[in-house]
Amino acid sequence: MKNNYRKLKFSVLLQTLLITAFTVLVGGFLLNYVIDGIYNDSFANIFVEILMNFHVDEQTAIDWYWKLIGDNKTFYMIVGFLLLFGVFFYIALSRMTRYVDQIGDGIENIVSDSNEPIHLITELKPIEIRLNEIKATIRRQELLAAEGEKKKNDLVIFLAHDLKTPLTSIVAYLTMLESHPEMSGEERAKYTHIALDKSIRLGELINEFFDITRYNLQQIELEPIEINLSFMLEQLADELYGVLQEKHLSCQVEVEENLVVYGDPDKLARVFDNILRNAIAYCYEGTSIQIEAAETGDHVEIIFTNEGDRIPGDMLQTIFEKFYRVDGARSSGTGGAGLGLAIAKEIVELHGGRILAKSDDLKTRFIVTLPRKTREEEEVTDEVHTHRRRTFGGRSGRRKRPQTKEK
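Model, not experiment: these values are computed from the prediction.

Draft legend 1. Structural view of the overall build of the protein. Across its full length, the protein carries twelve helices and ten strands. Classification of the 407 residues of the protein by burial places 34% in the buried group. Considering only contacts within the protein whose residues lie at least 6 apart along the sequence, 71% involve residues at least 24 apart. For the protein, the computed accessible surface area is about 25200 Å², with 58% contributed by carbon and sulfur atoms.

Dropping the structure here:
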């Protein structure tokens, strides 16, 4: 970084040398041709005459001249050169201060939000580059902030609409049940079930509002413990059995034995739950979702695979952004606020891992990579925990348990 200002340092050094040389030339000229030249005797005579006008005899005046001036000529020469150098240097500073003026103009360019790039003199080229980088970064951050605010505002509008839709249905069906007491038991059960479904959907949307608040107002904090991924993944699949049955889906869990990681079980369970629900929402009806987990070197790799529409390559880079939805036209039937994958990504990265998505015409895969617990750490305790914080002893085996649809 220091070498970037070589031209500036060379320019300042050159100007200083020129000032010094000019001072020596002018001072030498004044010394040789003025002080020691034509005005040498004249100055001494004037000094003696002035003292004699104050009733000092001539010899005493001459002695004072030599004592005060003649014998201290070197001192006066040094003072004279320094004063001369100071005058010339002050004049030259007006040229040097243009560097500061140039930097000030560059900062003003940033503050004024001008679209014109910053241009400085050659000596300040490194500063010019840095100021343009700062300007571009600020502009990019402003655009991202504006885009994020727009997405949030759109999200509030969408969710407000989605909240109103099930609420209207709930009120309508409950009103119908109340106003028709003679309704048959079969019809009453039908409308009650519909109202219950709408109430559940309304609760999910309200939970998304809480997710948005937590995601934007606080940092996610981890409470890490040892986790047995085998039990966790199987338990999550079991808990979603009812959701899978609604779409006539099956789920296959295939994991290696004794997969242990050190992390926050509740947060990781949320990651896997979000990915599974995303897979369920966007997979074809009557297909199978596969969950695989295995060690890969110093990491554990968990893969969630579902059959569904291909996600375009450019969207694979943005699906982990908050409030992003793959389906441009929102529907209350699939997905929610588009916040689940963004939160999942943040949680995985806080654990020192990474998450990515791959998609082709046949399948979509979400791959989560987490640091594996080392052998030395495994010897400290033989107890590992699931996301419910229950303790399981022993070792988990390799298993493959499909959940098939009922016929």
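Draft legend 2. Spatial organisation of the environment of V48. Within the fold, V48 resides in helix α2 (residues 40–53). Residues V48 and A61 lie 13 residues apart in sequence; the distance between their C-alpha atoms is 5.2 Å. Ignoring any residue separated from it by four or fewer positions in sequence, one finds V48 in contact with E58, A61 and I62.

Draft legend 3. Seen up close, the environment of R354. With respect to the helices and strands, the residue R354 is situated in strand β6 (residues 354–359). Once you skip the residues sitting within four places of it in the chain, R354 turns out to touch V348, I367, V368 and T369.

Draft legend 4. Local environment of helix α11 (residues 340–350). When α11 is considered as a whole, its buried residues turn out to be L341, A342, I343, A344, I347 and V348. Just downstream of α11 lies G352, where phi reads positive at about 80°.

Draft legend 5. Expanded view of the packing of helix α7 (residues 229–239) against helix α9 (residues 265–282). For the pair α7 and α9, the least separation of the axes is 10 Å and the interaxial angle reads 45°. It follows from the interaxial angle that α7 and α9 lie oblique. Taken as a pair, α7 and α9 cross one another with a handedness that is right-handed. Residues L229, M232, L233 and L236 of α7 lie in contact with α9, whose contacting residues are P265, A269, F272, D273 and L276. Residues of the contact of α7 with α9, tallied by class, amount to eight nonpolar, no polar and one charged.

Draft legend 6. Up close: α7. In terms of residue burial, α7 counts as a mostly covered element, since eight of its eleven residues are buried. For α7, the full list of buried residues reads L229, S230, M232, L233, E234, Q235, L236 and A237.

Draft legend 7. Spotlight on the packing of aromatic side chains. Applying the stated criterion across every chain, the model contains two aromatic pairs. Look at F272 and F304: their rings are 5.8 Å apart centre to centre, the planes differ by 35°, and that puts the pair in the tilted class. One end of the pair, F272, is in helix α9; the other, F304, is in strand β5 (residues 299–307), and 32 residues separate them in sequence. The class of F304 is buried, set by a relative accessible area of 2%.

Scoring rules and cut-offs
- In this convention, every chain numbers its residues from 1, walking through the sequence in written order.
- Totals for whole chains, interfaces and linings use every residue, but because this is a predicted model, local features are given only for residues with pLDDT of at least 70 and side-chain atom pairs only at 80 or more, for both listing and counting.
- Side-chain metrics rest on all non-hydrogen atoms present in the structure, leaving aside hydrogens and water.
- Helix and strand definitions here come from DSSP, where helices need a minimum of 4 consecutive H or I residues and strands a minimum of 2 consecutive E residues; each element is numbered from the N-terminal end.
- For every residue, the accessible area (1.4 Å probe, protein chains only) is compared with the maximum for its type, and the residue is labelled buried under 20%, exposed over 50%, or partly exposed between those bounds.
- The contact criterion used throughout is that any non-hydrogen atoms of two residues lie within 4.5 Å.
- Note on areas: Shrake-Rupley with a 1.4 Å probe; residue coverage comes only from the protein chains shown.
- Every axis in this analysis is a line fitted to C-alpha atoms, fitted for helices over the stretch in contact. Angles between the N-to-C directions lie between 0 and 180 degrees.
- In this scheme, roughly parallel covers angles under 35 degrees and roughly antiparallel covers those over 145, while 65 to 115 is roughly perpendicular and the rest are oblique.
- Crossing handedness is read from the near helix: turned anticlockwise from the far helix by less than a right angle, it gives a left-handed crossing, and turned clockwise, a right-handed one.
- Put simply, Ala, Val, Leu, Ile, Met, Phe, Trp, Tyr, Cys and Pro go in the nonpolar bin, Asp, Glu, Lys and Arg in the charged bin, and everything else, Gly too, in the polar bin.
- Stacked, tilted and edge-to-face are the three classes assigned to paired rings of Phe, Tyr and Trp, where Trp is represented by its six-membered ring and a pair needs centres within 6.5 Å; plane angles under 30 degrees give stacked, over 60 edge-to-face, the rest tilted.

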